[in-house]
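Summary of structural features
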Amino acid sequence: MKENPMVKNEIIKQYLLNTLSEKDRIGFEIQYFEDDDLFQRLQMMEEELITDYVNDRLTASDRRLFEEHYSVTPERRQRIETARNWKIVISDSRLEQVTDSHR
Amino acid sequence: MTREFNSHGFEILLNQLGEAVESGSRFDGEVLRERALERYRLLWSKIDYFLERRGCRDHEDGADETIFRVTSLLPQEREKINSIHAFCLGVARLVSYEYLRMQARIEQMPDDYITNPPPHLTTYIADEPARSEEMLEYMRDCFGKLSLEDQELIRRYVGSGRDERQKMAEELGISLKALQERRIFSIRKCLRRSLDERLGRCPETSKRPLCFSQ
């Protein structure tokens with residue numbers, strides 16, 4: 001199945017941040033039901049968004065939208081917490097690596 | 001009243017999902033069926049995802065309910081259906097309206113009903129320590145199980161901005177998109193699976209397509 005190049009990353013981000021109009025939202029839902037690659041891109045972008053949020057890499061407006069519209073359910077908050085934990089684990093492993101290289 | 005799962009409808013669903021990809025391909029029956037089952041699991045994930053995005057707390061149950069209704073309708077409706085995916089989305093949309101109405105009704109109930117809702121109306125959140133040292137230790141174990149190359153890749157990726165990620169992709173001789181979609185996505189998936197196993201959870205945080213007989 002070919003990727004649908006018509007669907008821009010911006011649309012996916014807006015879907016995740018819940019800022020698409022209802023009409024565009026319905027249109028996008030139909031597209032990812034029909035297109036497996038688009039569904040994978042959607043899941044991937046969701047992970048990127050969470051990672052960028054916990055690493056303070058979102059713009060101020062995206063950060064606000066993320067907090068208002070994305071992190072609204074216990075399940076999603078748990079995902080964000082898990083991403084924060086991964087950040088700690090990865091950062092610790094980076095420190096270990098630096099320490100090892102100085103030994 | 002117990003409702004019966006329509007296994008004939010489920011077979012029609014599998015056939016339609018199989019036909020959607022395999023037209024013109026020559027595979028034996030078993031391979032075709034396995035591929036149709038894979039397509040079914042993916043369809044279930046999409047329904048589950050859609051319902052979660054639409055605000056249904058019990059989205060996994062909603063996905064099962066959608067499949068249940070689709071398989072009940074398919075024997076009579078299949079001639080009229082142009083796209084099985086669009087049909088499933090339509091049914092999922094109706095299920096979402098019903099679930100959201102039910103959620104709204106529960107929220108208007110007296111306090112004790114909200115604090116002690118019937119189990120089938122609640123979303124189970126695993127009772128896990130959010131950031132305990134134990135959890136971090138589990139995660140360190142999982143990270144340590146990755147190949148050194150993957151560990152380095154994810155360390156660099158997570159710690160970098162777009163320009164640095166672009167540079168990483170160039171060093172690997174792939175596009176940024178391929179780096180994100182093939183390498184990083186699959187490493188994260190591997191970490192998730194490994195952590196689920198370590199915590200004794202069902203893979204992919206209990207994502208569970210409706211049971212069916214094979």
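With 24 residues of chain A in contact, the opposing surface of chain B contributes 26 residues. Sort the elements by how many residues they give to the side of chain A that touches chain B and helix α5 (residues 74–102) of chain A lands first, with eleven residues. Its residues assigned to classes, the side of chain A that touches chain B shows ten nonpolar, six polar and eight charged.

Residues and elements named next belong to chain B. The interhelical angle for the contact between helix α2 (residues 29–53) and helix α3 (residues 59–77), taken along N-to-C directions, is 130°, at an axis separation of 8 Å. Taken together, the axes of α2 and α3 are oblique relative to one another. Where α2 crosses over α3, the two elements pack in a sense that is right-handed. Only H59, E60, G62, A63, T66 and I67 of α3 make contact with α2, whose side of the interface consists of W44, I47, D48, L51 and E52. Here the contact of α2 with α3 is composed, by residue class, of five nonpolar, three polar and three charged.

Mean pLDDT over chain A stands at 88; residues scoring 70 or higher make up 92%. Here α5(A) is the element of chain A with the lowest mean pLDDT, 85, and helix α2 (residues 22–34) of chain A is the one with the highest, 96.

It is worth spelling out the environment of I80(A) at this point. All names here are of chain A. Relative to the assigned elements, I80 resides in helix α5. Spatially, the C-alpha atoms of I80 and S93 are 20 Å apart, while their sequence positions differ by 13 residues. Setting aside anything within four residues of it in sequence, one finds I80 in contact with I50, Y53, V54 and S71.

Further remarks concern α3(B). If you check α3(B), its first and last C-alpha atoms are 25 Å apart, about what 19 residues at 1.5 Å a residue would give, namely 27 Å. Considered for burial, the residues of α3(B) that qualify are H59(B), E60(B), G62(B), A63(B), D64(B), E65(B), T66(B), I67(B), V70(B), T71(B) and L74(B).

L13(B), I47(B), C88(B) and A92(B) are the most contacted members of the largest nonpolar core, which totals 32 residues. Every element with two or more residues in this core is listed here: α1 (9–16), α2 and α4 (60–70) of chain A together with α1 (7–22), α2, α3 and α4 (84–107) of chain B. Apart from residues lying up to four places away in sequence, A92(B) is in contact with I47(B), F50(B), L51(B) and T66(B). Ranked by size, the runner-up nonpolar core spans 13 residues in total, among them Y138(B), C142(B), I154(B) and L195(B).

Reading the values: the criteria
Residues numbered from 1 in each chain as written. Chains lettered and ligands numbered in written order. Predicted model: local features only at pLDDT ≥ 70, side-chain atom pairs only at ≥ 80, totals over all residues. Contact = placed C-beta atoms within 7 Å. Helix = DSSP H or I, 4+ residues; strand = E, 2+ residues; numbered from the N terminus. Nonpolar A, V, L, I, M, F, W, Y, C, P; charged D, E, K, R; others polar. Axes fitted to C-alpha atoms, helices over the stretch in contact; angles between N-to-C directions. Parallel < 35°, antiparallel > 145°, perpendicular 65-115°, else oblique. Left-handed = near helix turned anticlockwise from the far one by under 90°. pLDDT = per-residue confidence, 0-100. Expected span 1.5 Å × (residues − 1). Buried ≥ 20, exposed ≤ 12 C-beta atoms within 10 Å, placed from the backbone. Core = buried A, V, L, I, M, F, W, Y, C linked by C-beta atoms within 7 Å.

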